[in-house]
Number of protein chains: 2
Amino acid sequence: MLMGHLREPLNDDQACGLPAALEVMGERWSFMILRAAFNGVHHFEEFLSALGIARNILSNRLARLVEHGIMKREPLPDDRRKIEYRLTEKGLDLLPAMLTLRQWGEKYGIGVPSNPVLCDARDGQPIAQIAIHAHDGRLLGPKELEWRDRADLGKPADPAAQEPRPHLNMLR
Amino acid sequence: MLMGHLREPLNDDQACGLPAALEVMGERWSFMILRAAFNGVHHFEEFLSALGIARNILSNRLARLVEHGIMKREPLPDDRRKIEYRLTEKGLDLLPAMLTLRQWGEKYGIGVPSNPVLCDARDGQPIAQIAIHAHDGRLLGPKELEWRDRADLGKPADPAAQEPRPHLNMLR
C-alpha cells in the first residue's frame, strides 16, 4: 500500500474483493436494512416502520440481499404465510465492516458520541477501535504495510523496494 | 446488537456514524478513487488512466472528497500549476474500513485469492483478518455483543436483559 513496488490492478473489478463488497453494501438503503437486521428487525412491516423506507424500495433491496445470499427468507414455523428475513453467515460476516465504517463516522461525522454504545456483553465495556493487526497481533499503521506478490509472502524485504518511489508512497 | 434490550434509533441519520461514512464512501467511484489514492495515485491524469473513469465524474468525485476533508489538493513545490491529490488524516483513517470490506469481498465475492496481498512490511506476512475485539484484546463474535446506554457502561449485566427477547436477538 505504502511501501514496495507493487500496486493493485486498479481498474480490474475481478481481482479485488472491494468492488464485490461495494456492490452489495455501497447503496444507502441496503446498508440501512442490514443495520436494522443486526438490530434484530426481521419482518417486512417492521423494516418499513423502523426505517421510514418506501415499500417498493424495501421490497427491491430485500430481494437483492436475498439474491446475494446475505439475507434469507424463512417462513415462520407457526404460521408459514409469515416470512422472516434473517442474516445468513455471509451477512453476519459483514458486521466488522459495518462497525469499522460506523466508528469512522463517529470519529469524523457526528459531533456527539453516539448512544447506545456497542459493548462486550461480558463486562459491559465498549468494544475496541477496529484496526489493522499483524498475524501475531501487533497493531499496524498505514506506513507499516506493503503489497506482496503471493510468491513472495514471508520472504525478507527487498532492500531495493524500500527506496522512496515517486507516486507509490502515499505519505511521501 | 444481539443481546440486550436496547436498539439503535434506526431511522435517525444523526445518531449513528454509519450514514455519515456511507455518504462519502457508499458510492462506487468515490471508493475506487480512494483505493487508488491508497495505492499511491496522486495526479488527476493518473487517476483517469488507472481507473478508466470519465473525466467529469473523476472531477466531481475528487471535488467531493476534498469538500469532505478526505483528500486535499496540493500544488507541487517545483511547479505550482501542478496539483496533487493526497489523503488527509481523515482519509487515511478510512483504511481499516476499506480493508474490512475488501476481506469480506475476498471471502465471498471472488473465487480466487487476490494478488497482491497486503502484508506487514516487517516480516512480509499477510495482515490478520480484521475483527471485533474487546478493550483487552479478546476476539468478540456477534453473540458476545450488546448495546449499552452510555450511563450503563461497565456495569454488571442485568439478568433480566439476558432473557430471550423476540425480535431483538438476531440469531434466535
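Basis of the calculations
- Residues numbered from 1 in each chain as written.
- Chains lettered and ligands numbered in written order.
- Predicted model: local features only at pLDDT ≥ 70, side-chain atom pairs only at ≥ 80, totals over all residues.
- Heavy atoms only, no water.
- Helix = DSSP H or I, 4+ residues; strand = E, 2+ residues; numbered from the N terminus.
- Buried < 20%, exposed > 50% of the residue type's maximum accessible area, 1.4 Å probe, protein only.
- Contact = heavy atoms within 4.5 Å.
- Areas by Shrake-Rupley, 256 points an atom, 1.4 Å probe, with all protein chains shown as cover.
- Core = buried A, V, L, I, M, F, W, Y, C linked by side-chain atoms within 4.5 Å.
- Salt bridge = Lys/Arg side-chain N within 4 Å of Asp/Glu carboxyl O.
- pLDDT = per-residue confidence, 0-100.
- Polar contact = N/O pair within 3.5 Å; in protein donor to acceptor, adjacent residues only side chain to side chain.
- Pairing = 2+ DSSP bridges.
- Phe/Tyr/Trp six-rings, centres within 6.5 Å; stacked < 30°, edge-to-face > 60°.

Novice: Help me understand the overall build of chain A in this model?
Specialist: Of regular secondary structure, chain A possesses six helices and four strands. Listed by position from the N terminus, the elements making up chain A come as α-α-α-α-β-β-α-α-β-β. Burial analysis of chain A (172 residues in total) assigns 51% to the buried set. Within chain A, contacts between residues at least 6 apart in sequence are counted, and of these 51% link residues at least 24 apart. Counting only carbon and sulfur atoms, one obtains 52% of the accessible surface of chain A, whose full area is about 7,900 Å².

Novice: Help me understand the nonpolar core, please; the structure alone is not making it clear to me.
Specialist: The nonpolar side chains of soluble globular proteins are, as a tendency, buried together. Ile33(A), Phe47(A), Met71(A), Ile33(B), Phe47(B) and Met71(B) are the most contacted members of the largest nonpolar core, which has 78 residues in total. Among residues more than four places away in sequence, those in contact with Phe47(A) are Ile33(A), Ala36(A), Ala37(A), Val41(A), His42(A), Gly52(A), Ile53(A), Leu58(A), Leu62(A), Met71(A) and Tyr85(A).

Novice: Even after reading the chapter, I still don't get the pattern of salt bridges, so can you show me in this structure?
Specialist: A side chain of one charge can pair with a side chain of the opposite charge if their charged atoms are brought near each other. Under the definition given, this model contains 22 salt bridges over all chains. With a closest N to O distance of 2.7 Å, Asp93(B) and Lys107(A) form a salt bridge. Here Lys107(A) lies in helix H6 (residues 95-108) and Asp93(B) lies in the loop between helix H5 (89-92) and helix H6 (95-108), a pairing that spans two chains. We note a salt bridge from Arg81(B) to Asp79(B), for which the minimum N-O separation is 3.1 Å. On the basis of relative accessibility, which here comes to 19%, the residue Asp79(B) falls in the buried class. If you follow the salt bridges from partner to partner, you end up with Asp120(A), Asp123(A), Asp136(B) and Arg138(B) in one network.

Novice: I would appreciate a short explanation of the confidence of the model for chain A in the present structure.
Specialist: Predicted coordinates in areas of low pLDDT are best not read in detail. Residue and element names in this part refer to chain A. For chain A, per-residue confidence averages 80 on the pLDDT scale, and 74% of positions sit at 70 or higher. Mean pLDDT across the elements of chain A ranges from a minimum in helix H1 (residues 17-25), with 66, to a maximum in helix H4 (residues 55-67), with 94. For the stretch residues 163-172, pLDDT sits under 50, and the model shows 38 contacts to residues farther than four places along the chain or on other chains. We note a pTM of 0.79 for the whole complex and an ipTM of 0.79 for its interfaces.

Novice: When you look at the side chain of Asn39(A) in this model, what are you seeing that I'm missing?
Specialist: Of note, Asn39(A) is situated in the loop between helix H2 (28-38) and helix H3 (44-51). A distance of 3.0 Å separates a polar atom in the side chain of Asn39(A) from a polar atom in the side chain of Trp147(B).

Novice: Sorry if this is basic, but what is going on with the pairing of strand E2 (residues 79-87) of chain A here?
Specialist: The side chains of a regular strand alternate between both faces of the sheet. Residue and element names in this part refer to chain A. The pairing of strand E1 (residues 71-76) with E2 spans six bridges and is classified as antiparallel. Bridge pairing in E2 places Arg-73 opposite Tyr-85. Connecting E1 to the next strand, E2, in antiparallel fashion are two residues.

Novice: How should the packing of aromatic side chains be read in this particular structure?
Specialist: Geometrically, a pair of aromatic rings is defined through the distance of the ring centres and the angle of the planes. Residue and element names in this part refer to chain A. Taken as a whole and assessed by the stated rule, the structure comprises two aromatic pairs over all chains. Ring geometry for Trp-104 and Tyr-108: centres 5.6 Å apart, planes at 50°, overall tilted. Residue Trp-104 and its partner Tyr-108 are located together in helix H6, separated by four residues, close to a single helical turn. When its relative accessible area of 25% is taken as the criterion, Tyr-108 is described as partly exposed.

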